[in-house]
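So you can see what is in the structure, the chains are spelled out below.
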Amino acid sequence: MPCAVFGASGYSGVELVWLLHNHPQFSLEYAFSSGAREDAEPIASLYPQLAGQLDVILQPWHSNLLSQLSQQVRVVFLALPHEASAEIAPVLVNAGLLVFDLSGAFRLRDPLVHQQAYGFERSANVPETIPYGLAEWTTLSGTEQLIAVPGCYPTVASLALKPVLSLIDSVPMINAVSGVSGAGRKAAIQTSFCEVSLAAYGVATHRHQPEIAQTIGHDVIFVPHLGNFKRGILATIYARLKSDVSQATIDAAYQQAYATAPLIRLRQQPPAIGDVVGTAFCDIHPVVHQGHLVICAAIDNLLKGAAAQAVQLANQYFAFDSALGLQQRGGVV
Ligand SMILES: NC(=O)C1=CN([C@@H]2O[C@H](COP(=O)(O)OP(=O)(O)OC[C@H]3O[C@@H](n4cnc5c(N)ncnc54)[C@H](OP(=O)(O)O)[C@@H]3O)[C@@H](O)[C@H]2O)C=CC1
Ligand SMILES: CC(=O)N[C@@H](CCC(=O)OP(=O)(O)O)C(=O)O
């Protein structure tokens, strides 16, 4: 299945390039950087760790490449800033391409909520219903044209909460710590090496709060934190349980939801970020304590939280095995 990656010079884009290059069913035909770069260049000139391993040329994207692209490729993965995705995705869909968009441009259904979260209007020039692809909870028919891949924090929080929603009776509280790659590759003071220690940010204002609420159909309190490590997210989630809900009931709910899900690992102890970094797994450990549920869950933000989930959805779209090409430990950044 011929495919292309936009934003291939960025962090989630380079992970997509690596996964697709090694995938048995997809063949990577194009890897685009932004048109702001002057020349094509080997991906290893940006990511030297790939020298001798990944012989892919990064090509600056210009719209005059569209007709060539649409003739040679069936599937496109967008790992672009939200505004760039909002602009390019409708063009690609109109050219007949199947688009998996990793940005937030098409995730929020309510146009007002979208405007508040992203600061620009939700594009009207796209299919009316765009599936939100939380992979374990989404069935694709194979006729969709554009799929919104969830954000990293919403992926881990929603996967952890969805199986037990009918068993809780309070607003879930989500504390999550992310590595710095969550902010992308571009330079910024607040994500530079000497500035990052461990702190909350976006308290009560982060755009992933409405995304999580939309996905689980329940209000949430969400506090993201930035930690001084490269990649991975650890979420600790608290909710009060309905009366008499036992550990056995909780365990049964997770078993029922995920016993056959190849990329979810139900753990007997709290997962560490190191357990999931470089993998496409989401690790989940629920504990019942004094009438409350505490869920510890971890993912790699660039893989299960971005590139690997997009490939998982593409696998599902084409009826390949859901975890095809995703079970090796890897990770470029
Ligand atoms: N980082 C993460 O953990 C996650 C990110 N996402 C989402 O994925 C998307 C990409 O994020 P991330 O990889 O972190 O970002 P990066 O900043 O690392 O990379 C952005 C990429 O987009 C390219 N680009 C920028 N503007 C344009 C444009 N106008 N036209 C074409 N290409 C452009 C850049 O090219 P160039 O190098 O030439 O500037 C670069 O390849 C974002 O929407 C983000 O929200 C989703 C989940 C997790
Ligand atoms: C550490 C860090 O900065 N993380 C990013 C989340 C990245 C992500 O998954 O989200 P989107 O796809 O919605 O951008 C943030 O808080 O904005």
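Computed from a predicted structure; not experimentally measured.

A. Structural detail: the site of ligand 2. By nearness alone, 15 residues border ligand 2, and Cys-152, Tyr-201, His-206, Arg-207 and His-208 come closest of all. His-206 is positioned such that a nitrogen or oxygen atom in its side chain is 2.7 Å from an oxygen atom of ligand 2. Between an oxygen atom of ligand 2 and a side-chain N or O atom of His-208, the distance comes to 2.5 Å. Alone, ligand 2 offers 430 Å² of accessible surface; in the complex the protein occludes 84% of this. Across the shell around ligand 2, the residue classes tally to 6 nonpolar, 7 polar and 2 charged.

B. Broad picture of the site of ligand 1. Taken together, 27 residues surround ligand 1, and among them Ser-9, Ser-12, Ser-34, Arg-37 and Leu-80 come closest. The contact in question runs from an oxygen atom of ligand 1 to an N or O atom on the side chain of Asn-301, over 2.9 Å. Coverage of ligand 1 by the protein chains reaches 81% of its 900 Å² of free accessible surface. Contributing elements (two or more residues each) for the shell around ligand 1: α1 (11-21), α3 (82-94) and α9 (303-317). Its residues assigned to classes, the shell around ligand 1 shows 10 nonpolar, 13 polar and 4 charged. Two domains each provide a minimum of three residues to the shell around ligand 1, namely domain 1 (2-150 + 304-317) and domain 2 (153-301).

C. View of the nonpolar core. In this structure, Leu-16, Val-17, Leu-20, Ile-43, Phe-77 and Phe-100 are the most contacted members of the largest nonpolar core, which totals 46 residues. Of all the elements in the fold, those that place two or more residues in this core are β1 (2-6), α1, β2 (27-33), β5 (75-78), β6 (98-101) and α9. Per-element accounting of this core gives the leading share, 9 residues, to α9. For this core, the two domains that each supply at least three residues are domain 1 (2-150 + 304-317) and domain 2 (153-301). In this view, Ile-43 contacts Ala-8, Val-14, Val-17, Leu-50, Leu-54, Val-56 and Leu-58; residues no more than four positions away in its chain are not counted. Among the nonpolar cores identified, the runner-up in size contains 37 residues, and Ala-157, Ala-160, Ile-216 and Ile-264 belong to it.

D. Highlighting helix α4 (residues 111-118). Capping the start of α4, Asp-110 holds a side-chain oxygen 2.8 Å from the backbone nitrogen of Leu-112, two or three residues further along. At the exit of α4 stands Gly-119, carrying a positive phi of roughly 75°.

Definitions and cut-offs
- Residues numbered from 1 in each chain as written.
- Chains lettered and ligands numbered in written order.
- Predicted model: local features only at pLDDT ≥ 70, side-chain atom pairs only at ≥ 80, totals over all residues.
- Heavy atoms only, no water.
- Near = heavy atom within 4 Å.
- Polar contact = N/O pair within 3.5 Å; in protein donor to acceptor, adjacent residues only side chain to side chain.
- Areas by Shrake-Rupley, 256 points an atom, 1.4 Å probe, with all protein chains shown as cover.
- Nonpolar A, V, L, I, M, F, W, Y, C, P; charged D, E, K, R; others polar.
- Helix = DSSP H or I, 4+ residues; strand = E, 2+ residues; numbered from the N terminus.
- Domains from an automatic or database assignment.
- Core = buried A, V, L, I, M, F, W, Y, C linked by side-chain atoms within 4.5 Å.
- Buried < 20%, exposed > 50% of the residue type's maximum accessible area, 1.4 Å probe, protein only.
- Contact = heavy atoms within 4.5 Å.

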